[in-house]
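Reading the structure
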Amino acid sequence: MERVRFAPSPTGYLHIGGARTALFNFLYARQKQGTFILRIEDTDLQRSSKESEEVIIRDLQWLSIEWDEGVGKGGDYGPYRSTERLHIYKEYVEKLLEEGKAYYCYCTPEELEQQRKQLLEKGEMPRYTGKCREMTRKEREALEARGLKPVIRFKVPQNQTISVNDLIRGKVEFDSSGIGDFVIVKSNGIPVYNFAVVIDDHLMKITNVIRGEEHLSNTPRQILIYKALGFELPKFAHVPLILGKDRTKMSKRHGSTWVEHYRDQGYLPDAIVNFLALLGWSPEGEQEFFTIEELVEQFSFDRVAKNPAIFDIDKLNWMNSHYIKKSPLDKITRLCVPYLIDAGFIQEDEVEAKFEWLKQVVETVRESLTVLSEIPAKTEIFFKDKISLEEENVHILKREHVKELINAFLKLLDETDRHIDDNLAKQIFKKVQKTTGVKGKNLYMPMRIMLTGKTHGPELFKVCSIMGKERLIKRLEYVKQNMIQ
Ligand code: GLU
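What follows covers the packing of helix H16 (residues 401-415) against helix H19 (residues 460-482). For the pair H16 and H19, the least separation of the axes is 10 Å and the interaxial angle reads 155 degrees. The angle between H16 and H19 places the two elements in the roughly antiparallel class. When you trace H16 past H19, the crossing you get is left-handed. Residues Ile406, Asn407, Phe409, Leu410, Leu413 and Asp414 of H16 pack against Lys469, Leu472, Ile473, Leu476, Glu477, Val479 and Lys480 of H19. Of the residues that constitute the contact of H16 with H19, the class distribution is eight nonpolar, one polar and four charged.

For the structure on display, the rule yields 21 aromatic pairs. On the basis of an interplanar angle of 45 degrees and a centroid distance of 5.2 Å, the ring pair of tyrosine 28 and phenylalanine 301 is categorised as tilted. One end of the pair, tyrosine 28, is in helix H1 (residues 16-31); the other, phenylalanine 301, is in the loop between helix H10 (292-298) and strand E12 (309-310), with 273 residues separating them in the sequence. Residues tryptophan 281 and phenylalanine 290 carry aromatic rings whose centres are separated by 5.7 Å and whose planes lie at 70 degrees to one another, so their mutual orientation is edge-to-face. For the pair tryptophan 281 and phenylalanine 290, a shared accessibility class is recorded, and that class is buried. An aromatic cluster is present here, built from Phe24, Tyr28, Trp281, Phe290, Phe299 and Phe301 joined pairwise through their rings. Taking NZ or CZ as reference, arginine 221 lies 5.7 Å from the ring centre of phenylalanine 182, over its face. In this structure, arginine 263 packs its charged tip against the face of tryptophan 62, placed 5.9 Å from the ring centre.

Another aspect to go through is the pattern of salt bridges. Counted under the stated rule, the structure contains 37 salt bridges. With its nearest N and O atoms 2.8 Å apart, the salt bridge here joins lysine 131 to glutamate 111. With a gap of 20 residues between them, lysine 131 in the loop between helix H4 (109-121) and helix H5 (137-145) and glutamate 111 in helix H4 connect regions that are remote in the sequence. Assessed through its relative accessible area of 26%, glutamate 111 is described here as partly exposed. Lysine 359 is the partner of aspartate 330 in a salt bridge, and the nearest nitrogen-oxygen pair spans 2.8 Å. Separated by 29 residues along the polypeptide, aspartate 330 in helix H12 (residues 329-342) and lysine 359 in helix H13 (residues 351-365) bring together distant segments of the chain. Given a relative accessible area of 15%, lysine 359 falls into the buried group. Through salt bridges with shared partners, one network takes in Arg5, Arg39, Glu41, Arg85, Asp200 and Asp201.

A few words now on H1. With 16 residues, H1 extends 22 Å from end C-alpha to end C-alpha; this agrees with the ideal 22 Å at 1.5 Å per step. The first or second residue beyond H1 is glutamine 33, which carries a positive phi of 50 degrees.

Turning our attention to the pairing of strand E1 (residues 3-6). Burial along E1 is two-sided: the residues Arg3 and Arg5 and Val4 and Phe6 are all buried. After leaving E1, the chain enters H1 and then returns to the sheet as strand E2 (residues 35-38), a path that is right-handed.

Bringing the nonpolar core into the picture now. Nonpolar side chains in soluble globular proteins tend to be buried together. Among the nonpolar cores identified, the biggest contains 88 residues, and Leu23, Leu60, Leu63, Phe154, Ile184, Phe195 and Phe311 are the most heavily contacted of them. Apart from residues no more than four positions distant in its own chain, leucine 63 is found in contact with Leu14, Ala19, Val259, Pro269, Ile272 and Val273.

The rules we used
Residues numbered from 1 in each chain as written. Predicted model: local features only at pLDDT ≥ 70, side-chain atom pairs only at ≥ 80, totals over all residues. Heavy atoms only, no water. Axes fitted to C-alpha atoms, helices over the stretch in contact; angles between N-to-C directions. Helix = DSSP H or I, 4+ residues; strand = E, 2+ residues; numbered from the N terminus. Parallel < 35°, antiparallel > 145°, perpendicular 65-115°, else oblique. Left-handed = near helix turned anticlockwise from the far one by under 90°. Contact = heavy atoms within 4.5 Å. Nonpolar A, V, L, I, M, F, W, Y, C, P; charged D, E, K, R; others polar. Phe/Tyr/Trp six-rings, centres within 6.5 Å; stacked < 30°, edge-to-face > 60°. Buried < 20%, exposed > 50% of the residue type's maximum accessible area, 1.4 Å probe, protein only. Lys NZ or Arg CZ within 6 Å of the ring centre and 35° of its normal. Salt bridge = Lys/Arg side-chain N within 4 Å of Asp/Glu carboxyl O. Expected span 1.5 Å × (residues − 1). Right-handed = clockwise from strand over helix to strand, strands pointing away. Core = buried A, V, L, I, M, F, W, Y, C linked by side-chain atoms within 4.5 Å.

Okay, structure coming up:
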């Protein structure tokens, strides 16, 4: 039975790369009908926070990347937070110490810096020189008596080739001589990630470690610990880095790196998931839009690239607008509501009563949306009586016949006691044309500008029917009094 895990450190919010790693784990687990586990790796006490754990969880849920076991869900292999597992790590550290595979080190930061310099001067790779390896109990006691707090280092066997058989990268080899004896427990008694991750993956019976390529260089250290403790190795899969379009490390310049930002902007979770799946993985055919079920079916490590994936915000925008257009109108309208409330266009308690009307509003503009947060700007005309005009259109309303148009319209509106639908709006326009003799562009352009403030936009009859009689009258009155003198 396949068991995989996503193991974020709660030292920041959910990163785009982290979400992609979580997604690949999720897809693999679903495909194999295995188990997907969420484990929180919070051994970095200074940088970890409850808040970022909460945001990570919320964002994963928002993306519908659901886990079967772990934090918030429980399971047979818990606890699932590293800081709640300290007693477990201790047992294994003691085992290594007893077997002489790990040792206490009292070197001060100054000494370490000096060792580093000396190695560099000799043209060697800086690493720990093993100074405390053979320390006697007496020597240790003397140092402890001086109040020095040791770290615990793992004794790295020299001259060994460590091979990682990676499902994506193939065989990758490391020379153990390049790795100095590394710290596994800090002087505050807390184990470091490279140690805890091995104990956790082993005890949680993880079969496949799927994670970002930035962890490939940690893997030989972890393999050494697996071996020292006699644990069986899991399979490894290191998914490629995500770079910006200019092939430099993904950063703010390329678009935000936090999932949360995309949610706030009004990207749809389906679009983000679809986009993330294609960051490194490619399907066999030309298909670009995938449901989660299709991804589960088609995902494979064979088709995950070794070279970095490029984060292309234009592609994400394009995908998002596709999902906005194709999703059920009801769903999109619901998702737009918070933005309309934030903009002060509607009150929360009016939403249900106005929902059918809101759907029409959203429908008229959704083709033009890239992200949902654009909705207030695009629909302002349906909520406000006063409009602002684009500067270059002001002169169009100064033309002589405009006042005549307004009067004819107002008269016809006044005489109407029916609900104005698209059809009736069309008839009113026709009648205006007849009574004023103004037609074509001379009729439609000033009307559009008066009603929407712009020269382009949604279909005008539709605009009239959504605005309704009262707002149309108010709008035209406003223009008449303020804009055409
Ligand atoms: N806690 C590590 C991180 O957030 C996870 C590494 C791993 O998956 O082994 O990068």
